[in-house]
Amino acid sequence: MMTVNEVSKLTGVSIRTLQYYDTIGLLPPTEYTEAGYRLYDDAAMERLQQILLFKELEFPLKEIKAIIDAPNFDRDKALSQQIELLTMKKEHLEHLINFARKIKTSGVNKMDFNVFDTTKMDEYARQAKEQWGQTVEYKEYEEKTNNQSPDTQKLAWKNLMLIFADFGKIKEKDPSNEEVQLQVKKLQDYISEHFYKCSKEILKGLGKMYASGGEFTENIDKAAGSGTAVFTAKAIEIYCK
């Protein structure tokens, strides 16, 4: 666990900013000490990385929160977009540096402003934003959470984890077992009620993410026991057939 002061020193994000992220529900601490100090674990630090990467794409904090909180958030896809954008920025800066050096050594023979053109980079960022922000599910999730308090949203996620905890209690059963399949239906209905309409197609995609070995797998297994994420994914696959 890291204190808010340690996180600030490590990341360069001010303590005041971290406190603000907590207030708006963007980056809640993992827990508090008895004295009320914020503590952050590895999962929280990973979430902070995702927040900072999306800030590089110039997403507003409200949109960042909705995207990373959505159950269908694809971290690998987001990172691929971020790498592409950073590469474009790197090339842009290198061109500017070379242009400045040329001016210093030989002067400017003509007024050339092409080096300042960021059209390609801006267009990529715009497409990335549209890709994340224009889906029906994203809009529905945003509408549902728009006026909710951070506590209400935390409760929704806590209850979602309790559903996975119930999967953990029956993971020794066959995934096709009726009780297990009813639990999948409960999960689907809960997502539809609290996040966005969860069709079987979307649910199937979520199941694959649950078992992908990333943050979703870690969080589910942490809340419900090792192997629960993979078991849930298998049950979802059967349910969606």
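Anything mentioned here points back to the structure above.
Notes on the structure follow. Model, not experiment: these values are computed from the prediction.

Okay, the overall build of the protein next. Broken down by element type, the protein carries twelve helices and three strands. Within the protein, the proportion of its 241 residues that are buried is 37%. Relative to all contacts within the protein whose residues are 6 or more apart in sequence, the contacts with residues 24 or more apart total 64%. Carbon and sulfur atoms make up 52% of the accessible area of the protein, which amounts to about 14,300 Å² in all.

With that settled, the discussion passes to the nonpolar core. If you look at the biggest cluster of nonpolar residues, it comprises 27 residues, and the most contacted ones within it are Phe164, Phe167, Leu187, Ile191, Leu203, Leu206 and Tyr210. Elements that contribute at least two residues to this core include exactly α8 (150-169), α9 (178-194), α10 (200-210), α11 (215-224) and α12 (228-240). By residue number, the principal contributor to this core is α12, which donates six residues. Dropping the residues within four chain positions of it, Phe167 is found in contact with Val180, Gln183, Val184, Leu187, Thr228, Phe231 and Thr232. By size, the runner-up hydrophobic cluster in this structure holds 21 residues, among which are Met45, Ile67, Ala78 and Leu85.

What follows is about the pattern of salt bridges. In the structure shown here, the tally under the stated rule is seven salt bridges. With a shortest N-O distance of 2.9 Å, Asp22 and Arg38 are connected by a salt bridge. Linking Asp22 in helix α2 (residues 15-23) with Arg38 in strand β3 (residues 38-40), this pair joins segments that are 16 residues apart in sequence. The exposure class assigned to Arg38 is buried, which follows from its relative accessible area of 19%. Between Asp166 and Lys169 there is a salt bridge, with the nearest N and O atoms lying 3.6 Å from each other. Within this pair, Asp166 and its partner Lys169 are both found in helix α8, separated by three residues, close to a single helical turn. The exposure class of Lys169 is exposed, given its relative accessible area of 69%. Through salt bridges with shared partners, a single network forms among Asp166, Lys169 and Lys186.

This part is about the packing of aromatic side chains. Counting across every chain of the model gives four aromatic pairs. Where Phe164 meets Phe167, the ring centres are 6.3 Å apart and the plane angle is 35 degrees; that geometry is what we call tilted. You can see Phe164 and its partner Phe167 sitting in helix α8, three residues apart, about one turn around the helix. Accessibility classification places Phe164 together with Phe167 in one group, the buried group.

Criteria and cut-off values
- Residue positions are counted from 1 within each chain, in the order its sequence is given.
- Only residues with pLDDT of at least 70 get local features here, since the model is predicted, and only at 80 or more are side-chain atom pairs given and counted; chain-wide, interface and lining totals rely on the full set of residues.
- As a rule here, side-chain values cover all heavy atoms of the structure and leave hydrogens and water aside.
- Think of it this way: any DSSP run of H or I at least four residues long counts as a helix, any run of E at least two long counts as a strand, and we number them from the N terminus.
- Only protein chains enter the accessibility calculation, which uses a 1.4 Å probe; a residue is then buried when its area is under 20% of its type maximum, exposed when over 50%, and partly exposed in between.
- Contacts were defined at the residue level, with two residues in contact if any of their heavy atoms lie within 4.5 Å.
- Calculation of accessible area relied on Shrake-Rupley with a 1.4 Å probe; when residues are assessed, cover is drawn exclusively from the protein chains displayed.
- The definition of a nonpolar core used throughout is a set of buried Ala, Val, Leu, Ile, Met, Phe, Trp, Tyr and Cys residues joined through side-chain atoms within 4.5 Å.
- The rule for a salt bridge is simple: a side-chain nitrogen of Lys or Arg has to be within 4 Å of a carboxyl oxygen of Asp or Glu.
- Only centres within 6.5 Å qualify two rings of Phe, Tyr or Trp (six-membered ring in Trp) as a pair; their planes then separate them into stacked at under 30 degrees, edge-to-face at over 60, and tilted for everything else.

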